[in-house]
Amino acid sequence: FSPWTDPESVPLIRFEGVSKRFGDFVAVDQVDLSIHAGEFFSLLGASGCGKTTLLRMLAGFETPTSGRIFIDGTDVSAIPPYERPVNMMFQSYALFPHMTVEQNVAFGLKQDGLPKAQIREKVRDVLDLVQMSRFGGRKPHQLSGGQRQRVALARCLAKEPKVLLLDEPLAALDRQLRERTQLELVGIQERVGITFVMVTHDQGEAMTMSSRIAVMNSGCLEQVGTPVEIYEYPGTRFVADFIGAANMFEGVVASDSDDLLVVTCPELESDLTISHGGSVPVGAPVTVMVRPEKMVVQRDRPSEGMNGVKGIVADIAYLGDVSIYHISLPSGRRVEVLRTNLRHTGEQELTWEDEVHLAWHPANAMVLTR
Ligand code: ATP
């Protein structure tokens, strides 16, 4: 077990059957979820799936319609936001415009009545941590978006919460800065050891930054797992589709033996073998999922034991490091295959209209029953 999946370890945060209704509308539906101390945990989902509402209930800005939330073993349902051991960094950063960077960071500490010398020391330490020491005397309007984000982070960290909540913390940054900041934020989280819970709709961001991810859909948790688990072993069609690209084939289980599941796929006019089938009854309708990078496209017939389907190259999208090949099957169905653009490997050059075989190993497919 990793520390986050060990059933024996006591979670820092626990949602127990938490639901939130706004009138008739169910924004969060019966969520059970545990988050452990030291995690960088992400709530991931499309707009409107309820992730912000879940985060706001943890912060105390919304009250669950039913269910309970525990932080460090205490039911926090009746505890107001400012008395919870959590701090929230808002998308807008919410800095006071008339205060300097140092004053912004010191504000919450002053309110807590900390002695001046201690405030000075803490402000210095956290501004150091986010590499903003040089800008202590500036006002927010004299900072870039990325710098404002760091100040907001410093202000939250100065209060030393047990849990830091981040609502789309990088949404306002341009792509390059966002990618750099992702890694910096992970580095800071590792150094301070505070549990981070982040809301994001960006799957790449969640994959890069998180120890674990909860994928949400229509108020429900679809799957909770490490980035690798969620990508390699999606539990549902929704997750397979939402995280990364996926080729999905509908079929019916024809046989199940020796850990090899055989699925008849009318669309492919062939049977597929899958070695990660689990136990699925014969005759059950299933979806077979193969990631684009787990297929090869070649002129030759695939070797014995591989899955193979014939097609023609319909389109090639050159992306520099890789190319996406769209292969058209006799049924009219298109399949995506990802090829790395290595030079001098002796790999076949392929072009439009070439007749090809798609091939993949039985271990490189997944069977989805939901
Ligand atoms: P986004 O990424 O767009 O912020 P989200 O996944 O964070 O989306 P939420 O903000 O949690 O979604 O909202 C979930 C659903 O609940 C939405 O359909 C939203 O319209 C609804 N909702 C949220 N707050 C309220 C409210 N105060 N009153 C009524 N409906 C609300």
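Residues numbered from 1 in each chain as written. Predicted model: local features only at pLDDT ≥ 70, side-chain atom pairs only at ≥ 80, totals over all residues.

(A) A look at helix α4 (residues 145–158). Helix length check: α4, at 14 residues, gives a terminal C-alpha distance of 20 Å against a target of 20 Å (1.5 Å per residue), a fit within 8%. Burial runs high along α4: 11 of the 14 residues are buried. Buried within α4 are the following residues: Arg148, Gln149, Arg150, Val151, Ala152, Leu153, Ala154, Arg155, Cys156, Leu157 and Ala158. Among the structural elements, β6 (86–89), α2 (101–111), α3 (116–129), β7 (163–167) and α5 (175–192) are those in contact with the buried residues of α4. (Helix = DSSP H or I, 4+ residues; strand = E, 2+ residues; numbered from the N terminus. Expected span 1.5 Å × (residues − 1). Buried ≥ 20, exposed ≤ 12 C-beta atoms within 10 Å, placed from the backbone. Contact = placed C-beta atoms within 7 Å.)

(B) Examining the environment of Phe70 more closely. Within the secondary structure, Phe70 sits in strand β4 (residues 66–71). Note: C-alpha distance between Phe70 and Gly45 (25 residues apart in sequence) is 23 Å. With residues up to four places along the chain from it excluded, the contact list for Phe70 reads Arg14, Asp75 and Val76.

(C) Highlighting the site of the ligand. What surrounds the ligand is the set Phe22, Phe25, Ala27, Gly45, Ser47, Gly48, Cys49, Gly50, Lys51, Thr52, Thr53 and His201. Where the shell around the ligand is concerned, the elements lending two or more residues are β2 (25–35) and α1 (51–59). Examining the composition of the shell around the ligand, we find that three residues originate from one element, α1, more than from any other. Its residues assigned to classes, the shell around the ligand shows four nonpolar, seven polar and one charged. (Near = placed C-beta within 6 Å. Nonpolar A, V, L, I, M, F, W, Y, C, P; charged D, E, K, R; others polar.)

(D) Highlighting the packing of α3 against α4. It is at 9 Å that the axes of α3 and α4 come closest, and there the two elements cross at 135 degrees. Viewed along their axes, α3 and α4 adopt a mutual orientation that is oblique. Crossing of α3 over α4 shows right-handed handedness. Of α4, the residues touching α3 (which contributes Lys122, Val123, Val126, Leu127 and Leu129) are Ala154, Leu157 and Ala158. Here the residues of the contact of α3 with α4 sort into seven nonpolar, no polar and one charged. (Axes fitted to C-alpha atoms, helices over the stretch in contact; angles between N-to-C directions. Parallel < 35°, antiparallel > 145°, perpendicular 65-115°, else oblique. Left-handed = near helix turned anticlockwise from the far one by under 90°.)

(E) Just the domain arrangement of the protein chain, in detail. According to the domain assignment, the protein chain consists of domain 1 (13–241) and domain 2 (245–368). Taking only C-alpha atoms, the centre of domain 1 and the centre of domain 2 are 39 Å apart. Between domain 1 and domain 2, the residue contacts involve six residues of the former and six residues of the latter. Along the lines of polarity and charge, the residues of the side of domain 1 that touches domain 2 split into three nonpolar, one polar and two charged. (Domains from an automatic or database assignment.)

(F) View of the confidence of the model for the protein chain. Put simply, the protein chain has an average pLDDT of 90, and 95% of its residues get 70 or more. Predicted complex, confidence summary: ipTM 0.92, pTM 0.88. (pLDDT = per-residue confidence, 0-100.)

(G) Region of interest: the packing of α2 against α4. Orientation of α2 relative to α4, taken along the N-to-C sense of each, is 25 degrees, at an axis distance of 8 Å. Between α2 and α4, the crossing angle belongs to the class labelled roughly parallel. Judged by the sense of rotation from one axis to the other, the crossing of α2 with α4 is right-handed. Contact with α2, carried on its side by Val101, Asn104, Val105, Gly108 and Leu109, involves Val151, Ala154, Arg155 and Ala158 of α4 and no other residues of that element. Each residue belonging to the contact of α2 with α4 can be placed in one class, and the counts come to six nonpolar, two polar and one charged.

(H) Layout of unusual backbone geometry. One non-glycine residue, Glu160, adopts positive backbone phi at about 45 degrees. Phi is positive for Ser218, close to 45 degrees, though the residue is something other than glycine. Of note, Ser218 is situated in the loop between β9 (212–217) and β10 (220–225).

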